[in-house]
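Descriptive structure summary
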Amino acid sequence: MRHNLVSRATALVRRSLGTTDLSLRLDAVERELDERPRPAYLGDHTALLQTRWGGMLLIDTRDSVLGPALLLNGLWETEITKWFQDTLRPGHVFVDVGANVGYYTLLGSQLVGDGGHVFAVEAHPRMMELLHRNVIVNGRYNVETWHRAAWSRAETLKFHVRRHFIGNSSAGSLSDH
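In short, a report on the structure. For every chain, the first residue of its written sequence is number 1, and the numbers climb from 1 along that sequence. Two thresholds apply to this predicted model, a pLDDT of at least 70 for residue-level local features and 80 or more for giving and counting side-chain atom pairs, whereas whole-chain, interface and lining totals are computed over all residues. As a rule here, side-chain values cover all heavy atoms of the structure and leave hydrogens and water aside.

Describing the overall build of the protein
Starting at the N terminus, helices and strands are each numbered in turn, a helix being any DSSP run of H or I of at least four residues and a strand any DSSP run of E of at least two. Broken down by element type, the protein carries six helices and six strands. In the protein, the order of α-helices and β-strands from amino to carboxyl end is α-α-β-β-β-α-α-β-α-β-α-β. Burial classification: accessible surface area is computed with a 1.4 Å probe over protein chains only, and a residue below 20% of its type maximum counts as buried, one above 50% as exposed, and the rest as partly exposed. In the protein, which comprises 177 residues, the share counted as buried stands at 34%. A sequence separation of at least 24 residues applies to 50% of the contacts in the protein between residues at least 6 apart. By the convention used here, residues are in contact when the closest approach between their heavy atoms is within 4.5 Å.

Comments concerning the environment of Gly91
Here Gly91 lies in the loop between helix H4 (78-87) and strand E4 (93-97). Residue classification places Gly91 among the partly exposed positions, given a relative accessible area of 43%. Once the C-alpha coordinates of Gly91 and His117 are considered, the two residues, 26 residues apart in sequence, prove to be 7.3 Å apart. When sequence neighbours within four positions are dropped, the list of residues in contact with Gly91 reads Val112, Gly115 and Gly116.

Quick look at a nonpolar patch on the surface
Taken together, the side chains of Val93, Val95 and Val97 make up a nonpolar region of the molecular surface, amounting to roughly 270 Å² of accessible area. Within the secondary structure layout, Val95 lies in strand E4. Only residues whose relative accessible area exceeds 30% and that form no salt bridge are eligible for patches; like-charged ones are grouped when within 9 Å, while nonpolar side chains (Val, Leu, Ile, Met, Phe, Trp, Tyr) are grouped when within 5 Å. Calculation of accessible area relied on Shrake-Rupley with a 1.4 Å probe; when residues are assessed, cover is drawn exclusively from the protein chains displayed. The salt bridge criterion pairs a side-chain nitrogen of Lys or Arg with a carboxyl oxygen of Asp or Glu, the two atoms within 4 Å.

Focus: helix H6 (residues 125-137)
Given 3.6 residues to a turn, an α-helix orients residues that are three or four positions apart in the same direction. For a helix, the expected span equals 1.5 Å multiplied by the number of residues minus one. Over its 13 residues, H6 extends 18 Å from the first C-alpha to the last, a length consistent with the 18 Å expected when each residue adds 1.5 Å. Restricting attention to buried positions, one finds in H6 the residues Arg126, Met127, Met128, Leu130, Leu131, Asn134 and Val135. Looking at the buried positions of H6, the neighbouring elements they touch are strand E2 (46-50), strand E3 (56-60), helix H5 (103-112), strand E5 (117-121) and strand E6 (143-146). Gly139 lies just past H6 and shows a positive phi near 60°.

Structural notes on the nonpolar core
Ranked by internal contacts, the top residues of the largest apolar core, which has 30 residues, are Leu57, Leu70 and Tyr103. Counting only elements with at least two residues in this core, the list comes to E2, E3, helix H3 (66-73), H5, E5 and H6. At six residues, the largest contribution of residues to this core is made by H5. Once you skip the residues sitting within four places of it in the chain, Tyr103 turns out to touch Thr51, Trp53, Leu57, Leu70, Leu75, Trp76 and Thr81. Nonpolar cores were defined as sets of buried Ala, Val, Leu, Ile, Met, Phe, Trp, Tyr and Cys residues, with membership established by side-chain atoms within 4.5 Å.

Things to note about the pattern of salt bridges
Oppositely charged side chains are able to pair whenever their charged atoms sit close together. The final tally for this structure, using the stated rule, is six salt bridges. Taking the shortest distance from any N to any O, the salt bridge between Glu129 and Arg133 comes out at 3.2 Å. On the criterion of helical spacing, the pair formed by Glu129 and Arg133 is a turn pair, its members being four residues apart in helix H6. Note on Glu129: relative accessible area 34%, which makes it partly exposed.

By themselves, these figures tell us nothing about what the structure is for.
Okay, here's the thing in structure tokens:
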């Protein structure tokens, strides 16, 4: 009974202050957040999350760029994600060079469907491990992963691994800051 009276009083105050529309929008956001699956920490610097477009991703929690964005929002590079959704069609072939953990690989795989194909190239050993596991976790049979660096000619390269920006590791020299 007390909760019901407080709810009615709150609604009356909101109407009198003109905040009903704002309150309804906030309630809708809260419902959406409550419906989204929560990320799960699996140990060994690995978390499992669900993207807003339905893909499941294992990520490295030590990464300071991709990981936080996906853990908090379920999306990475919103405009580019939308471009992929507007551009890739069933039957297309997509090549993801520097695939990282496979965010665009899996999105592309979903969009091109079983009649299409995705080639994912990733040089970083840890990212390649997660990419391969993500392809399996999502049941994407139209993806082929290659553990290689993309370069302009065939040669042996020194790979520079960054501690906190793992996804930005490169064959080119980079600082760790």
